[in-house]
Amino acid sequence: EALIDGLKALSDPTRLRILHTLHQGATTPSCLARHLRLRPPTVIHHLNLLRLVGLVQVILSPTGEKRYALRQGVVDEIFEQLKRVIGTEK
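Residues numbered from 1 in each chain as written. Predicted model: local features only at pLDDT ≥ 70, side-chain atom pairs only at ≥ 80, totals over all residues. Heavy atoms only, no water.

K.L.:
What is the right way to read the overall build of the protein from this model?
P.N.:
Summing up its helical and strand segments, the protein has 5 helices and 2 strands in all. Starting at the N terminus, the α and β elements of the protein follow one another as α-α-α-α-β-β-α. Across the 90 residues in the protein, those meeting the buried criterion constitute 33%. By sequence separation, contacts in the protein at least 24 residues apart represent 48% of the contacts at least 6 residues apart. (Helix = DSSP H or I, 4+ residues; strand = E, 2+ residues; numbered from the N terminus. Buried < 20%, exposed > 50% of the residue type's maximum accessible area, 1.4 Å probe, protein only. Contact = heavy atoms within 4.5 Å.)

See below:
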């Protein structure tokens, strides 16, 4: 089920763009929105979905600012599971 949820999350072009940006480092939803030229509520919606499947994590600064970061290990695990399912890895 985790594989299916992860693949569903990865199937959206906007979420892929968000993950690509987060691969460069943690950032705030407003910075992501400006960088990707999207409305902040749209970015927050996608970040919440990515967080629910474990692909991103929220980091709170001492001032309470939310920054989102890619969880590379989870991305790697999804790809490893997919390789096992389709038979390219034993």
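K.L.:
Whenever I open this one, the pairing of strand β2 (residues 66-70) confuses me. Can you help?
P.N.:
As a general feature of sheets, a regular strand has side chains that alternate between the two faces. Across 5 bridges, strand β1 (residues 56-60) lies against β2 in antiparallel orientation. From the neighbouring strand, Leu-60 faces β2, where its bridge partner is Lys-66. Counted between consecutive antiparallel strands, the loop separating β1 from β2 contains 5 residues, among which Gly-64 sits at a positive phi close to 95 degrees. (Pairing = 2+ DSSP bridges.)

K.L.:
Can you help me understand the packing of helix α1 (residues 2-10) against helix α5 (residues 72-86) in this one?
P.N.:
Packed helix pairs are specified by the crossing angle of their axes together with the interaxial distance, meaning the distance between the axes. It is the contact of α1 with α5, at a shortest axis distance of 10 Å, that shows an interaxial angle of 115 degrees. When the axis of α1 is compared with that of α5, the two are roughly perpendicular. In the packing of α1 onto α5, the handedness of the crossing is left-handed. Note on element contacts: α5 touches α1 through Ile-78, Phe-79, Gln-81, Leu-82 and Val-85, opposite Ala-2, Leu-3, Gly-6, Leu-7 and Leu-10. (Axes fitted to C-alpha atoms, helices over the stretch in contact; angles between N-to-C directions. Parallel < 35°, antiparallel > 145°, perpendicular 65-115°, else oblique. Left-handed = near helix turned anticlockwise from the far one by under 90°.)

K.L.:
It is not clear to me how helix α2 (residues 13-22) should be interpreted in this structure. Could you clarify?
P.N.:
Residues three or four positions apart in an α-helix share a direction because the helix packs 3.6 residues into each turn. For α2, every residue scored as buried is listed here: Thr-14, Arg-15, Ile-18, Leu-19, Thr-21 and Leu-22. Looking straight down α2, one finds that the buried residues subtend no more than 160 degrees of arc, so they occupy a single side. In α2, the exposed positions that point more than 90 degrees away from the buried face belong to Pro-13 and His-20. Structurally, α2 contributes buried residues whose contacts are with α1, α3 (29-36), α4 (40-52), β1 and β2. For α2, the N-terminal capping position is held by Asp-12, with its side-chain oxygen 2.9 Å away from the main-chain nitrogen of Thr-14. (Arc of directions from axis to C-beta. Polar contact = N/O pair within 3.5 Å; in protein donor to acceptor, adjacent residues only side chain to side chain.)

K.L.:
What is the right way to read the environment of Glu-77 from this model?
P.N.:
As for its position among the elements, Glu-77 is in helix α5. Considering only alpha carbons, one finds Glu-77 and Pro-41, 36 residues apart in sequence, at a separation of 29 Å. Polar contacts involving the side chain of Glu-77 include one to the side chain of Arg-84, which spans 3.2 Å.

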